[in-house]
Amino acid sequence: MPFAVTGAFDDGATYSVQVTGRADRPVIGSHRAAALVELHQGEPISLSPTGPVRTVAGDDEATVLAVLREHTHVIDEGQGAPRQARVPES
């Protein structure tokens, strides 16, 4: 199920994308965010601080979101976004 993600890159540029779950267009709405996801396809990524680790694939919404979480500052995740496990702060 597609969902929206809003965030910012390290340089302050913001983006708003739709994570589609489609292998041919994993995200739409930002060419820069799409390029970021494409750059990391095929690489392992942790879905949360405690795992599990999966390979980034355009049709895997959880791994696409994990790329955005790891390489940008995600501000908001729309309804339907996979939830991330939280590690308690000590």
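A brief structural summary.

1. A few points about the nonpolar core
In step 1: One finds Val 5, Tyr 15, Val 17, Val 19 and Leu 68 to be the most contacted residues of the largest nonpolar core, which totals 21 residues.
In step 2: Contributing elements (two or more residues each) for this core: β1 (3-8), β2 (14-19), α1 (31-40) and α2 (61-71).
In step 3: The biggest single contributor to this core is α2, with six residues.
In step 4: Sequence-distant contacts of Leu 68, that is, excluding residues within four places in its chain, are made with Val 5, Tyr 15, Val 17, Val 19, Ala 33, Leu 36, Val 37 and Val 74.

2. Details of the pattern of salt bridges
In step 1: Per the stated rule, a full pass over the model turns up four salt bridges.
In step 2: Linking Asp 11 and Arg 32 is a salt bridge whose minimum nitrogen-to-oxygen distance equals 3.0 Å. Of this pair, Asp 11 sits in the loop between β1 and β2 while Arg 32 sits in helix α1; the two residues are 21 residues apart in sequence, bridging distant segments of the chain.
In step 3: For Asp 11, a relative accessible area of 55% corresponds to the exposed category.

Reading guide: rules and limits
Residues numbered from 1 in each chain as written. Predicted model: local features only at pLDDT ≥ 70, side-chain atom pairs only at ≥ 80, totals over all residues. Heavy atoms only, no water. Core = buried A, V, L, I, M, F, W, Y, C linked by side-chain atoms within 4.5 Å. Buried < 20%, exposed > 50% of the residue type's maximum accessible area, 1.4 Å probe, protein only. Helix = DSSP H or I, 4+ residues; strand = E, 2+ residues; numbered from the N terminus. Contact = heavy atoms within 4.5 Å. Salt bridge = Lys/Arg side-chain N within 4 Å of Asp/Glu carboxyl O.

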